[in-house]
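Read off the chains here:
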Amino acid sequence: MESEFFYAVLTILIGLIAAGIAYGIILWLKKKAEKTVSQLDDILLSALGRPVVITVLAVSIYIALTRFAILPDVVAGFAVDLYINAFFILIVAWVISSFSYTFLCTYGSTIARKTETDFDDRLLPMLEIGARYLIWFIAFLMILANFHIDITPLLAGAGIAGIALALAAQDLLSNFLGGVIIAVDKPFKIGDRVRFGEYSGDIVAIGLRSTRLKTLDNQIVTIPNSSLTSNVVVNFAQPDFRLKVRLPFSVAYGSDIRQVKEILLGIAAEAAEKTPWVLKDPAPSVYFLEFGESSLNGQLLLWTNNYDNSWDVQDYVNCRIDERFREAGIEIPFRQVDVRMRDKE
């Protein structure tokens, strides 16, 4: 008995030495991996490091306890081999969990830094935690199956709980999926000027559940992502910052339309020369569009270099139209109603 105990202790000491050697080899490999361009080998060695050392030590302890008849064949009603299987399941789960977590942290953060939205920065921690919980849950089920414990009720309960949770969080899930669609499809990005329904403003944040819009009145509007993906969104910043400005005009019947168009084109050319807002290319244009009830109606079309300048363009041009029409004697009509009364005989 004493000799068996001696050999058991010697086996454990050999295991400690082997674990130390394995640790040294892993450190050496890590230094080599640091010199490579790819980070995949660094991630793999980081995930394998401690599990390999613990596995070598645990195997030596197992051999010492079972080979020399120190540990019985059955413990707490279960064969020792089942405990060994459970141990290796935990080790494999540990390696996979560490690898997936480090992989997502390394490559996920690299990809997230290259994008302009903060959606993926918020999604990444959820993926990291979700991957870990899923791996350990699968490992837990495998250990139960290893000990011949029926896991069918557990799986059924998890399925029912999942369905109940999905129904309860239906709006949350739809908004989350909407956020994923926005991140993939990229209809807009942070800083873009958009119009959604009655709201117009700049995108300031894109989150997992909602997107925040800063209106032109300096108010923050929070819009659920599912609403954005199921409705029309106008993006003024795409394909570029240029914007066509439409300026309607009305002149009285009897006005010389050719003269009106010449004056308006002259005002547009002046605006392109004297202001930093109006573009020469595309060239301004004037269209006579309709005979109204009490006026001749048309539109002056201008292009501005930035959508932020549309009001400045309208203000400048409208002021000049008022001045030039007065000088030329062109009447800008207002709505009139003629009432004729007839005496009864």
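Residues numbered from 1 in each chain as written. Predicted model: local features only at pLDDT ≥ 70, side-chain atom pairs only at ≥ 80, totals over all residues. Heavy atoms only, no water.

**Notes on the pattern of salt bridges**
Alright, step 1. Here the structure, examined in full by the defined rule, presents nine salt bridges.
Alright, step 2. Notably, a salt bridge pairs Asp240 with Arg242, separated by 3.5 Å at the nearest N-O pair.
Alright, step 3. Its relative accessible area of 38% is what places Arg242 among the partly exposed residues.
Alright, step 4. Among the salt bridges present, the one from Glu273 reaches Lys280, with a minimum N-O distance of 2.8 Å. Residue Glu273 shares its accessibility class with Lys280, and that shared class is exposed.
Alright, step 5. Each of Arg193, Asp202 and Asp308 takes part in one network of salt bridges that share partners. (Salt bridge = Lys/Arg side-chain N within 4 Å of Asp/Glu carboxyl O. Buried < 20%, exposed > 50% of the residue type's maximum accessible area, 1.4 Å probe, protein only.)

**Regarding helix α9 (residues 310–328)**
Alright, step 1. Compared with an ideal rise of 1.5 Å per residue, which puts 19 residues at 27 Å, α9 spans 27 Å between its outermost C-alpha atoms and is within 8% of the ideal.
Alright, step 2. The set of residues buried in α9 consists of Ser310, Val313, Val317, Arg320, Ile321 and Phe325. Down the axis of α9, the buried set is contained in an arc of 130°. They therefore lie on one face. With respect to the buried face of α9, the exposed residues turned more than 90 degrees away are Trp311, Asp315, Arg326 and Glu327.
Alright, step 3. Taken together, the buried residues of α9 touch β8 (243–251), α8 (257–274) and β10 (296–304).
Alright, step 4. In the segment just after α9, Gly329 is the residue with positive phi, at about 75°. (Helix = DSSP H or I, 4+ residues; strand = E, 2+ residues; numbered from the N terminus. Expected span 1.5 Å × (residues − 1). Arc of directions from axis to C-beta. Contact = heavy atoms within 4.5 Å.)

**What about the sheet that holds β10?**
What holds strands together in a sheet is hydrogen bonding between their backbones, with the strands either parallel or antiparallel.
Alright, step 1. Here three strands make up an open sheet; going across it, the order is β8-β10-β9 and the pairing antiparallel. At either end of the open sheet lies a strand with only one pairing partner, and these are β8 and β9 (285–291). Recorded for the sheet is a direction-independent mean angle of 25° between the axes of neighbouring strands.
Alright, step 2. Bridge count between β8 and β10: nine bridges; the pairing is antiparallel. Within β10, the position partnered with Arg246 by the bridge is Leu301. (Pairing = 2+ DSSP bridges. Axes fitted to C-alpha atoms, helices over the stretch in contact; angles between N-to-C directions.)

**As for the sheet that holds strand β7 (residues 234–235)**
Alright, step 1. One open sheet accounts for five strands, arranged β6-β5-β4-β3-β7; its pairing is antiparallel. For this open sheet the edge positions go to β6 (220–224) and β7, each flanked by a neighbour on one side alone.
Alright, step 2. Two elements, strand β3 (residues 193–196) and β7, share two bridges in a ladder whose sense is antiparallel. Its bridge partner being in β7, Val194 is matched across the sheet by Asn235.

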